[in-house]
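What follows is the residue order along each chain.
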Amino acid sequence: LTGVLDDCLCDIESIDDFNTFKIFPKIQKLQERDYFRYYKVNLKRPCPFWADDGHCSIKDCHVEPCPESKIPVGIKAGSSNKYSKAANNSKELEDCEQANKLGAVNSTLSNQSKEAFIDWARYDDSQDHFCELDDERSPDAQYVDLLLNPERYTGYKGPSAWRVWNSIYEENCFKPRSVYRPLNPLAPSRGESFYTWLEGLCLEKRVFYKLISGLHASINLHLCANYLLEETWGKPRWGPNVKEFTRRFDPAETKGEGPRRLKNLYFLYLIELRALSKVAPYFERAVVDLYTGNGHEDAESKALLLDIFRDTKSFHMHFDEKSMFAGDKKGAKSLKEEFRLHFKNISRIMDCVGCDKCRLWGKLQTQGLGTALKILFSEKEIQSLPENSPSKGFQLTRQEIVALVNAFGR
């Protein structure tokens, strides 16, 4: 994959270099820190759009707790309500993974971790957040350790998975009524006329389609990169599946479609990168810390995050979001609102994903992209934040911060 991306003045080689040498090593480290590895999610919300018949037919695709003896202690409680990370024994983590089957979410957390989260939430609340995420207070919402639940191929496919993506593309991607051709890139019989049509859309609607396509490519890539290659004597072996990757992305096997999908993944990267560079002033204020109760670790996490922000600002080919929603005020406002509602709808469709692990990562990446868009559309509010007090104008909850960093990390 080479060359310039459409709708922005950026080439793929520059993104590869910048990501490989600057961003990737740091974002990987950041994702391993306590603040970013625990994500609160409700995996029990019913699908709002159709009867949930596609619920996992895969063996043990539900949440299966590990045996008590195998639970790694995520956060140990010290004497004065401070928390430090225990040295997690990687052998124990592997055993724990095997105790779970493929699609099951490992929901085990130590009691100390649970106490810590109550403390984190209390701190979060005191920060004067103005918007409550729908799931946070639900008794069904639970913390999940993302490091124990990697995104990978779980065997979830077929009509149920197809229906989720179909619904996302067909009902949410601003399709003109005159176009009967399916939007879903996996659907048969798409020709060049599809792209003539796409180019005919206004920039904002093209961007929306590319972001969803990029998200789809991202998820498919992770499944190919971490695929169940064999399972002998109950021991699964995961690794890259080149054949599957070729089937989904090779120009010859996809009628030239594959490289376009990958270009949309780069486009998604650029949008989230831009959001990180724009939100830096929010985190640069002394009043914001990545609170876990462990002062030393919190300071290190914030220093690493600010370091990543410095890198994102140094990138010289950012997407220019000022070209979006720049028409007449009334039209731009209603288009922006339409954009937001379409996106919200997609996040609700994620509740229809039949496999818990796929649902977890689908929800997280959708929320991360939603947070990136929220940042890009809040530039004025971010610039006018007060230095020493929480602001009413623009806030991010811990959930949004965790989702944004992990989605960009993906």
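Note that the structure is a prediction, hence the values are computed from the model and not measured. Along each chain, residues carry numbers from 1 onward, in the same order as the chain's sequence is written. With the structure being a predicted model, the display of local features is reserved for residues of pLDDT at least 70 and the display and counting of side-chain atom pairs for 80 or more, all residues being used for whole-chain, interface and lining totals. Side-chain measures here rest on the full set of heavy atoms in the structure, leaving out hydrogens and waters.

Engineer: Now, about the UniProt feature "active site" (unreviewed entry) in the chain: what can you tell me, with residues and values included?
Structural biologist: According to UniProt, the positions carrying the feature "active site" (unreviewed entry) are C355 and C358. Within the secondary structure, C355 is located in the loop between α11 (329–349) and α12 (356–376). Only protein chains enter the accessibility calculation, which uses a 1.4 Å probe; a residue whose area is less than 20% of its type maximum is buried, one above 50% is exposed, and one in between is partly exposed. Accessibility expressed as a relative area gives 21% for C358, which makes it partly exposed. UniProt positions are given in the numbering used here, feature names are shortened, and annotations may be inferred rather than shown by experiment. To qualify as a helix, a DSSP run of H or I must reach at least 4 residues; to qualify as a strand, a run of E must reach at least 2; elements of each kind are numbered from the N terminus.

Engineer: Tell me about the pattern of salt bridges, and name the residues and values.
Structural biologist: The term salt bridge refers to a side-chain nitrogen of Lys or Arg lying within 4 Å of a carboxyl oxygen of Asp or Glu. Throughout the structure, instances matching the rule amount to 15 salt bridges. The salt bridge partner of E151 is R410, with a shortest N-O separation of 2.8 Å. With E151 in the loop between β4 (142–145) and α5 (159–172) and R410 in the segment after α14 (398–409), this residue pair connects regions lying 259 residues apart in the sequence. Taking the relative accessible area as the measure of exposure, E151 reaches 7% and is therefore buried. In this structure, K313 and E284 form a salt bridge, with 2.8 Å as the shortest nitrogen-oxygen distance. Of the two residues, K313 is situated in helix α10 (residues 295–314) and E284 in helix α9 (residues 257–284); the sequence distance between them amounts to 29 residues. A relative accessible area of 44% means that K313 is categorised as partly exposed.

Engineer: Can you explain the packing of aromatic side chains? Please cite residues and give values.
Structural biologist: Pairing of aromatic rings covers Phe, Tyr and the six-membered ring of Trp, with a centre-to-centre limit of 6.5 Å; geometry is then stacked below 30 degrees between planes, edge-to-face above 60, and tilted otherwise. Overall, the coordinates contain 12 aromatic pairs when judged by the stated rule. Aromatic pair Y282 and F283: ring centres 5.1 Å apart, planes at 80°, arrangement edge-to-face. By relative accessible area, which is 3% here, Y282 ends up buried. Connected via pairs of aromatic rings, a cluster forms that spans Y282, F283, F309 and F394. Only when the NZ atom of a Lys or the CZ atom of an Arg is both within 6 Å of the ring centre and within 35 degrees of the ring normal do we say a charge sits over the ring. Note that R152 overlies the ring of W238, its terminal NZ or CZ placed 3.7 Å from the centroid.

Engineer: Can you explain the pairing of strand β6 (residues 235–239)? Please cite residues and give values.
Structural biologist: Note on pairing: DSSP must find at least two bridges between two strands before they are called paired. The pairing of strand β5 (residues 227–232) with β6 spans 5 bridges and is classified as antiparallel. Across the sheet, E230 pairs through a bridge with R237, a residue of β6. In textbook terms, the turn of a hairpin is the stretch between consecutive antiparallel strands, and for β5 and β6 this stretch comprises 2 residues, one of which, W233, has a positive phi near 50°.

Engineer: Account for α14, naming residues and giving values.
Structural biologist: Three or four residues apart is the spacing at which side chains of an α-helix point the same way, because the helix has 3.6 residues per turn. One less than the number of residues in a helix, times 1.5 Å, gives the span that helix is expected to have. In this model α14 runs 16 Å from its N-terminal to its C-terminal C-alpha over 12 residues, within 8% of the 16 Å that 1.5 Å per residue would give. With 12 of its 12 residues buried, α14 lies for the most part within the structure. For α14, the complete set of buried residues consists of R398, Q399, E400, I401, V402, A403, L404, V405, N406, A407, F408 and G409.

Engineer: Account for unusual backbone geometry, with residues named and values stated.
Structural biologist: Although it is not a glycine, K255 adopts a positive phi angle of roughly 55°. On the secondary structure map, K255 appears in the loop between α8 (242–249) and α9. For K255, a relative accessible area of 74% corresponds to the exposed category.

Engineer: Account for the packing of helix α7 (residues 203–225) against α8, with residues named and values stated.
Structural biologist: Each pair of packed helices gets described by two things: the angle between the helix axes and the distance between those axes. Fitted lines through C-alpha atoms give the axes, limited to the stretch in contact for helices. The angle between two N-to-C directions lies from 0 to 180 degrees. The contact between α7 and α8 brings their axes to 9 Å, and the two run at 160°. By the criterion of interaxial angle, the relationship of α7 to α8 is roughly antiparallel. Touching A217, N220, L221 and C224 of α7 are E244, F245, R248 and F249, all from α8. Charged residues are taken to be Asp, Glu, Lys and Arg, nonpolar residues to be Ala, Val, Leu, Ile, Met, Phe, Trp, Tyr, Cys and Pro, and polar residues to be all remaining types, Gly included. A breakdown of the residues in the contact of α7 with α8 according to their chemical character gives 5 nonpolar, 1 polar and 2 charged. Between 65 and 115 degrees an angle is taken as roughly perpendicular, under 35 as roughly parallel, over 145 as roughly antiparallel, and anywhere else as oblique. Whether two residues touch is decided by their heavy atoms; if any such pair falls within 4.5 Å, the residues are in contact.

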